[in-house]
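Residue-level structure breakdown
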Amino acid sequence: MNKSLGLVSSIIVTICTTIFLITLITGSIYLSYFVCLVLSWGFVLLICSFASSVEVEKKALSFGAISFAVIYSCFVSVVYFSQLTIVRYGNLSDQLLRVFDFQYPGSLMFVFDLFGYGMMAISTFLIAFVINPKFKALRILLFIHGLFALSCILMPILNVFNNSMGSDFDLMGTIALIFWCIYFIPIGVLSYRYFLKQ
């Protein structure tokens, strides 16, 4: 069952990340929110699958990875569900939109999203310590992905994103997300190979 869940969750993560990449290029904003919502759930299952097969002395690290994955999923689920519901269909005032609309740089939802992805990065960093060392490429990608936590947490604290950025924000953000997708898709593919060989 653990192997099957690992295979299925790695497929979910890979497909969702690929669709997210396509939505960045096509501008399908609400589809991107939906696939990122599903991605977060698939990611939690993926980390749980990795954690299910670790040795006893590595269990604490795997529990930490699961915990940070759950924190990630909770934060981004709130962000994307709010975009798909109250922002999309609500008649919010401009003031409330600046709080809830993800498209506003520095909005509450934007900051929550970055924080969530920081938690995802910590999760990948921790799980890299516990997976089978034979899978070096996957471990290296997971370790390096963990370094994204610093920027995801520090940039909002340092107010790097603010309302004065204008269209530069859209372009920079899209380029950064395309880079992230191109980086993260191989993690999903290598995760699938990892569980296939278990």
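Since we're looking at a predicted model, the values are computed, not measured.

Check the secondary structure of the chain and you find 8 helices and 0 strands. Starting at the N terminus and ending at the C terminus, the chain contains elements arranged as α-α-α-α-α-α-α-α. Expected size for 198 residues packed as a compact globule is a radius of gyration near 16 Å; at 17 Å, the chain falls within 12% of this value. Each principal axis of the C-alpha distribution contributes one length, and for the chain these read about 50 × 30 × 25 Å. In the chain, the share of contacts with a sequence separation of at least 24, taken over all contacts with a separation of at least 6, comes to 75%. For the chain, the accessible area works out to roughly 10000 Å², and carbon and sulfur atoms hold 73% of it. Where the 10 positive side-chain charges of the chain centre and where its 7 negative ones centre are 20 Å apart.

Moving on, we get to the state of the cysteines. Throughout the structure, instances matching the rule amount to 0 disulfides. Cysteine 36 provides the cysteine sulfur closest to cysteine 181, a residue in no disulfide bond, and the two sulfurs are 7.3 Å apart. What makes cysteine 181 buried here is its relative accessible area of 0%.

Below, the discussion takes up a nonpolar patch on the surface. On the surface, Leu150, Leu154, Ile157, Leu158 and Val160 cluster together into a nonpolar patch covering about 510 Å² of accessible area. Relative to the elements of secondary structure, leucine 154 occurs in helix α7 (residues 148-157). Judged by relative accessible area, leucine 154 falls into the partly exposed class, the value being 43%.

With that settled, the discussion passes to the side chain of serine 62. Positionally, serine 62 belongs in helix α3 (residues 59-89). Residue serine 62 is classed as buried on the basis of its relative accessible area of 0%. Dropping the residues within four chain positions of it, serine 62 is found in contact with Ala51, Val54, Ile127 and Val130.

Note on pairing: side chains with opposite charge can pair once their charged atoms come close. This model, assessed by the stated rule, comprises 1 salt bridge. Of the charged contacts in the structure, one is a salt bridge between lysine 58 and glutamate 55, with a shortest N-O distance of 3.7 Å. Taking relative accessible area as the criterion, glutamate 55 reaches 41% and is therefore assigned partly exposed.

Calculation notes
- Residues numbered from 1 in each chain as written.
- Predicted model: local features only at pLDDT ≥ 70, side-chain atom pairs only at ≥ 80, totals over all residues.
- Heavy atoms only, no water.
- Helix = DSSP H or I, 4+ residues; strand = E, 2+ residues; numbered from the N terminus.
- Rg over C-alpha atoms; globule rule 2.2 N^0.38 Å.
- Contact = heavy atoms within 4.5 Å.
- Areas by Shrake-Rupley, 256 points an atom, 1.4 Å probe, with all protein chains shown as cover.
- Lys, Arg positive; Asp, Glu negative; His and termini not counted.
- Charge placed at Lys NZ, Arg CZ, Asp CG, Glu CD.
- Disulfide = S-S within 2.5 Å.
- Buried < 20%, exposed > 50% of the residue type's maximum accessible area, 1.4 Å probe, protein only.
- Patch = residues over 30% accessible without salt bridge, like charges linked within 9 Å, V, L, I, M, F, W, Y side chains within 5 Å.
- Salt bridge = Lys/Arg side-chain N within 4 Å of Asp/Glu carboxyl O.

So far we have only geometry, and geometry alone does not tell us how the molecule works.
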